[in-house]
Amino acid sequence: MADFEIAVIGAGVVGLAIAARFSQKHPRLVVLEKNEKYGMETSSRNSEVIHAGIYYEPGSLRARLCVEGRDELYALCKAHDIAYQPLTKLITATMTAELEQFDSIQQNAAENGVELQVLDKTAALKLEPNIRTEGALFSPLTGIISAHDLMDYFFHTTQTNGGTVQHRCQVIGIRQIMSGYEIVYDEAGSRSSVTSEIVINAAGLGSDLIAQMIGIDIDKEDLRLSYAKGSYFSIVQSKAKLVSRLVYPMPSDEELGIHALMDLGGRLKFGPDLEYLEDRAINYSVVENKRHAFAESIRRILPAINDEDITPDMSGIRPKLQRKGQPPRDFVIVHEKDRGLSGFVNLIGIESPGLTSSPAIARYVESILFK
Ligand SMILES: Cc1cc2nc3c(=O)[nH]c(=O)nc-3n(C[C@H](O)[C@H](O)[C@H](O)COP(=O)(O)OP(=O)(O)OC[C@H]3O[C@@H](n4cnc5c(N)ncnc54)[C@H](O)[C@@H]3O)c2cc1C
């Protein structure tokens, strides 16, 4: 018999959501995490927005799991005292030419089952008097959440159910055995291993490399991740009340654009930008010399911001399957039984809206594993 029924690799919000859900029925579950604590990578370095599900391609996993996850998150927040705020959001057309994009955004949102209201200039300015706008789309279901609270909730639920989260365990090899899989990991410089019937790869920025460990040719299968850094600048407290909800520019094909964000402490931030890291070298510093370009982007939607009103804040790194200049890619969430890897599930390219989708991703993984 294997040591565990289920091993989850990676304790970000996705791995923890899966662990919390699965440990109810399968308490012989372990989560292996390389860092000293859960949630130290992308899951704690993001905008903490509960996305409504407006832009994703209809029928894609990103669209479907975002909408399902959003509703589930609001319910979890209410039931378990997880900090959140249903702030709502405006997507502002800053020039009349941009008003033409409203139809296609609205149509996409409608196909995803997402409510959006069109506001003329007067109505938009009534909600947000300080923004630049010729008209806006209003999303009533967008909000913000404490990602830390959410992960604490998933972590404690896993433990209460009898599951284990092992920190400081970096997975370095996996092989298929009679009873499932042997997972080799490095723990403080020494090698150990566990066996498990089922393995769920939720390793975020390392998820493509975990897939490679089990023998998948990630280049041939187009599963090698690109790292795309997103930096944020915060606004001086005296100007933090210039907006009272999330305000986005019109999206481009590649990104949502630098937007106004509030955290639960009432701080106003702008970000994230998009910077592909050619060598995948992780570096979270936010460079001062982006200040002017950032301020220019912010002024597009909030003209009252000067260069000296903003300060470098934090950054996060998106695990992207989409290459620079190419169209968006969907989440890859696959039970690899067709490759002869029964019981092995890969989750690769879980970029935004991965936080919003996390409880729905857990439900989806359950459906593909146990159907
Ligand atoms: C700038 C930015 C803004 C975003 N904004 C939003 C937003 O507003 N709303 C939203 O819904 N989503 C947002 N996202 C996306 C969201 O943050 C991610 O989709 C989500 O956090 C992914 O969670 P995860 O658990 O898959 O990955 P992670 O949080 O990266 O967790 C993976 C874990 O696996 C561990 N790991 C990796 N390799 C190994 C190994 N070999 N052995 C053991 N452990 C390993 C890592 O240490 C890590 O803890 C944003 C992302 C970025 C970068």
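Because the structure is a prediction, the values reported are computed rather than measured.

Reading the values: rules and limits
- Residues numbered from 1 in each chain as written.
- Predicted model: local features only at pLDDT ≥ 70, side-chain atom pairs only at ≥ 80, totals over all residues.
- Heavy atoms only, no water.
- Helix = DSSP H or I, 4+ residues; strand = E, 2+ residues; numbered from the N terminus.
- Rg over C-alpha atoms; globule rule 2.2 N^0.38 Å.
- Contact = heavy atoms within 4.5 Å.
- Areas by Shrake-Rupley, 256 points an atom, 1.4 Å probe, with all protein chains shown as cover.
- Lys, Arg positive; Asp, Glu negative; His and termini not counted.
- Charge placed at Lys NZ, Arg CZ, Asp CG, Glu CD.
- Axes fitted to C-alpha atoms, helices over the stretch in contact; angles between N-to-C directions.
- Parallel < 35°, antiparallel > 145°, perpendicular 65-115°, else oblique.
- Nonpolar A, V, L, I, M, F, W, Y, C, P; charged D, E, K, R; others polar.
- Buried < 20%, exposed > 50% of the residue type's maximum accessible area, 1.4 Å probe, protein only.
- Near = heavy atom within 4 Å.
- Polar contact = N/O pair within 3.5 Å; in protein donor to acceptor, adjacent residues only side chain to side chain.
- Domains from an automatic or database assignment.
- Salt bridge = Lys/Arg side-chain N within 4 Å of Asp/Glu carboxyl O.
- Phe/Tyr/Trp six-rings, centres within 6.5 Å; stacked < 30°, edge-to-face > 60°.
- Lys NZ or Arg CZ within 6 Å of the ring centre and 35° of its normal.
- Buried area = accessible area lost by both parts, 1.4 Å probe.

Visitor: Break down the overall build of the chain for me, citing the residues and quoting the values.
Guide: Helix and strand counts for the chain come out as eight helices and 20 strands. Over its C-alpha trace the chain gives a radius of gyration of 21 Å, about what one expects of a compact globule, namely 21 Å for 371 residues. For the chain, the spread of C-alpha atoms along the three principal axes comes to 65 × 40 × 40 Å. Pairs at least 24 residues apart make up 72% of the contacts formed inside the chain by residues separated by at least 6 positions. Working note: accessible area of the chain is about 15600 Å², and carbon and sulfur atoms make up 49% of it. The positive charge centre, built from 39 side chains, and the negative charge centre, built from 49, are 1 Å apart in the chain.

Visitor: If you had to explain the packing of helix H2 (residues 61-80) against helix H8 (residues 354-370) to someone new, which residues and values would you point to?
Guide: Their axes nearest at 6 Å, the elements H2 and H8 cross at an angle of 100 degrees. Here H2 is positioned roughly perpendicular relative to H8, judged by the angle of their axes. Of H8, the residues touching H2 (which contributes Leu61, Arg64, Leu65, Cys66, Glu68, Gly69, Arg70, Glu72, Leu73 and Leu76) are Leu355, Thr356, Ser357, Pro359, Ala360, Ile361, Arg363 and Tyr364. Counted by class, the contact of H2 with H8 contains 10 nonpolar, three polar and five charged residues.

Visitor: Please set out the environment of Ser231 residue by residue, giving values where relevant.
Guide: One can find Ser231 in strand E13 (residues 226-235). A relative accessible area of 1% places Ser231 in the buried class. Expressed as a C-alpha distance, the spacing of Ser231 and Ser315, which sit 84 residues apart in the sequence, is 4.2 Å. If sequence neighbours within four positions are ignored, Ser231 has contacts with Phe270, Gly271, Pro272, Asp273, Val286, Lys290, Phe294, Met314 and Ser315.

Visitor: Got a sec to walk through the site of the ligand? Specific residues and values, please.
Guide: Surrounding the ligand, one finds 38 residues, the nearest of these being Glu33, Ser43, Val171, Ile350 and Thr356. A distance of 3.2 Å separates a nitrogen atom of the ligand from a polar backbone atom of Lys34. Out of a free accessible area of 1000 Å², the ligand has 97% covered by protein chains. Among the elements of the structure, helix H1 (13-25), strand E10 (169-177), strand E18 (310-320) and H8 are those that each provide at least two residues to the shell around the ligand. Considering only residue class, the shell around the ligand consists of 16 nonpolar, 15 polar and seven charged. Shared between two domains, the shell around the ligand holds at least three residues of each, these being domain 1 (4-47 + 148-224 + 328-370) and domain 2 (89-140 + 226-320).

Visitor: Hey, could you go over the side chain of Thr88 for me, with residue numbers and the actual values?
Guide: Tracing the backbone shows Thr88 in the loop between strand E4 (84-85) and strand E5 (89-92). On the accessibility criterion, Thr88 (11% relative accessible area) is buried. Here Thr88 is in contact with Phe138, Ser139, Pro140, Thr142, Arg245 and Leu246, once residues within four sequence places are set aside.

Visitor: Quick rundown of the pattern of salt bridges? Include the residues and the values.
Guide: A complete count under the given rule lists 26 salt bridges for this structure. One salt bridge in this structure joins Arg70 and Asp71, with 2.9 Å as the shortest N-O distance. Judged by relative accessible area, which is 4%, Arg70 ranks as buried. Asp71 gets classed as partly exposed once you look at its relative accessible area, which sits at 41%. Put simply, Glu221 and Arg339 hold a salt bridge, and the shortest N to O gap is 3.3 Å. Placement of Glu221 in the loop between helix H6 (207-213) and E13 and of Arg339 in the loop between strand E19 (332-335) and strand E20 (344-348) is noted, with a sequence separation of 118 residues between them. On the accessibility criterion, Arg339 (36% relative accessible area) is partly exposed. Overlapping salt bridges bring together Arg62, Lys320 and Glu351 as one network.

Visitor: Could you give an account of the packing of aromatic side chains, naming the residues involved and the relevant values?
Guide: Under the defined criterion, the tally for this structure stands at six aromatic pairs. Consider the rings of Tyr38 and Phe155, whose centres lie 4.3 Å apart with planes at 20 degrees: the pair is stacked. Taken together, the residues span a long stretch of sequence, with Tyr38 in the loop between strand E2 (29-32) and strand E3 (49-50) and Phe155 in helix H5 (residues 147-160) at a distance of 117 residues. Geometrically, the ring pair formed by Tyr153 and Phe154 is tilted, given 5.7 Å between the ring centres and 50 degrees between the ring planes. Its relative accessible area of 4% is what places Phe154 among the buried residues. Against the face of Tyr248 rests Lys89, its NZ or CZ located 3.6 Å from the ring centre. A cation sits over an aromatic face here: Lys269 above Tyr232, 5.6 Å from the ring centre.

Visitor: Before we move on, can you summarise the domain arrangement of the chain with the specific residues and values?
Guide: When its domains are assigned, the chain resolves into domain 1 (4-47 + 148-224 + 328-370) and domain 2 (89-140 + 226-320). Each side of the interface is counted separately: domain 1 has 16 residues, and domain 2 has 17 residues. When domain 1 packs against domain 2, the two sides together hide about 1300 Å² of surface, and 50% of this comes from carbon and sulfur. It is Arg45, Leu205 and Glu351 that lose the most area in domain 1 upon contact with domain 2, and together they represent 51% of the buried surface on that side. Taken together, the connections running from domain 1 to domain 2 amount to two salt bridges. For the salt bridge of Glu351 with Lys320, the shortest nitrogen-to-oxygen distance reads 2.9 Å. Connecting domain 1 to domain 2 are six residue pairs in polar contact (both at pLDDT 80 or more).

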